[in-house]
Amino acid sequence: MKYFQNLYKSHRHLLLIEWFYGIFSAVALVLASLIGLLNASVGAALLIIPLISFTALSMNLVCWALIKLFADHLSSQNQKATKEPLKKTTKKSTTTKKSA
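These figures come from a predicted structure and were not determined experimentally.

Rules of the game
- Residues numbered from 1 in each chain as written.
- Predicted model: local features only at pLDDT ≥ 70, side-chain atom pairs only at ≥ 80, totals over all residues.
- Heavy atoms only, no water.
- Helix = DSSP H or I, 4+ residues; strand = E, 2+ residues; numbered from the N terminus.
- Buried < 20%, exposed > 50% of the residue type's maximum accessible area, 1.4 Å probe, protein only.
- Contact = heavy atoms within 4.5 Å.
- Phe/Tyr/Trp six-rings, centres within 6.5 Å; stacked < 30°, edge-to-face > 60°.
- Patch = residues over 30% accessible without salt bridge, like charges linked within 9 Å, V, L, I, M, F, W, Y side chains within 5 Å.
- Areas by Shrake-Rupley, 256 points an atom, 1.4 Å probe, with all protein chains shown as cover.
- Salt bridge = Lys/Arg side-chain N within 4 Å of Asp/Glu carboxyl O.
- pLDDT = per-residue confidence, 0-100.

> What exactly am I supposed to notice about the overall build of the protein here?
The helix and strand inventory of the protein stands at 4 helices and 0 strands. In the protein, the succession of helices and strands from N to C terminus is α-α-α-α. For the protein, the residues scored as buried account for 14% of the 100 residues in total. Restricting the contact set of the protein to residue pairs at least 6 apart, pairs at least 24 apart contribute 73%.

The following block contains the structure:
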């Protein structure tokens, strides 16, 4: 539980991976298109590299979104769990029945 919260709090890893995949995908696409101008079959074969890189970037974004959702859910549950015992201890029955 704490692992996911700490993982989400360190945004540095997320940004590094996103930038790496994005730049690598763009550079590979440009290289494949330039090679495709010289030799169409080799350029088409090299287009699989940016496709895989873009797919990895998309999957990574989805995974980080799920980690964020899971971490937020856990933190909200922890906050509710810590507030409930406080409410139970402060609420005391003030109504007493008087016998006639």
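> Can you help me understand the packing of aromatic side chains in this one?
For any two aromatic rings, the description comes down to two numbers: the centre-to-centre distance and the angle of the planes. All told, the structure shown has 2 aromatic pairs when counted by the stated rule. Ring geometry for phenylalanine 20 against tyrosine 21: centres 5.7 Å apart, planes inclined by 55°, an arrangement best described as tilted. In this structure phenylalanine 20 comes out as exposed when scored by relative accessible area, which is 52%. Classification of tyrosine 21 as partly exposed rests on a relative accessible area of 26%. Note on phenylalanine 20 and phenylalanine 24: the rings are 5.9 Å apart at their centroids and 15° apart in plane angle, and the pair reads as stacked.

> What am I meant to see in a nonpolar patch on the surface here?
On the surface, Leu15, Trp19, Ile23, Val27, Val30, Leu31, Leu34, Leu37 and Leu38 cluster together into a nonpolar patch covering about 1000 Å² of accessible area. By secondary structure assignment, the location of leucine 37 is in helix α2 (residues 11-38).

> Looking at this structure, how should I read the environment of phenylalanine 24?
Relative to the assigned elements, phenylalanine 24 resides in helix α2. Taking the C-alpha atoms as reference points, phenylalanine 24 and isoleucine 49, separated by 25 residues in sequence, lie 9.2 Å from one another. Residues contacting phenylalanine 24, with those up to four places away along its chain left out, are Ile49 and Ser53.

> Please clarify how the side chain of asparagine 60 should be interpreted in this entry.
As for its position among the elements, asparagine 60 is in helix α4 (residues 48-90). Every residue in contact with asparagine 60, bar those within four places of it in the chain, is listed here: Ile17 and Tyr21.

> Whenever I open this one, the confidence of the model for the protein confuses me. Can you help?
Any region with low pLDDT has predicted coordinates that should not be read closely. When pLDDT is averaged across the protein, the result is 78; 71% of the residues are at 70 or more. The weakest mean pLDDT in the protein belongs to helix α1 (residues 2-9) at 65; the strongest belongs to helix α3 (residues 40-46) at 90.

> Please explain the environment of leucine 61 as it appears in this structure.
For leucine 61, the location among the structural elements is in helix α4. Among the residues examined, leucine 61 registers a relative accessible area of 37% and is labelled partly exposed. The sequence separation of leucine 61 and leucine 14 amounts to 47 residues, and the corresponding C-alpha distance is 8.5 Å.

> Before we go on, may I ask you to explain the side chain of serine 25 in this structure?
With respect to the secondary-structure elements, serine 25 resides in helix α2. Owing to a relative accessible area of 10%, serine 25 belongs among the buried residues under this scheme. In contact with serine 25, other than residues within four places in its own chain, are Pro50, Ser53 and Phe54.

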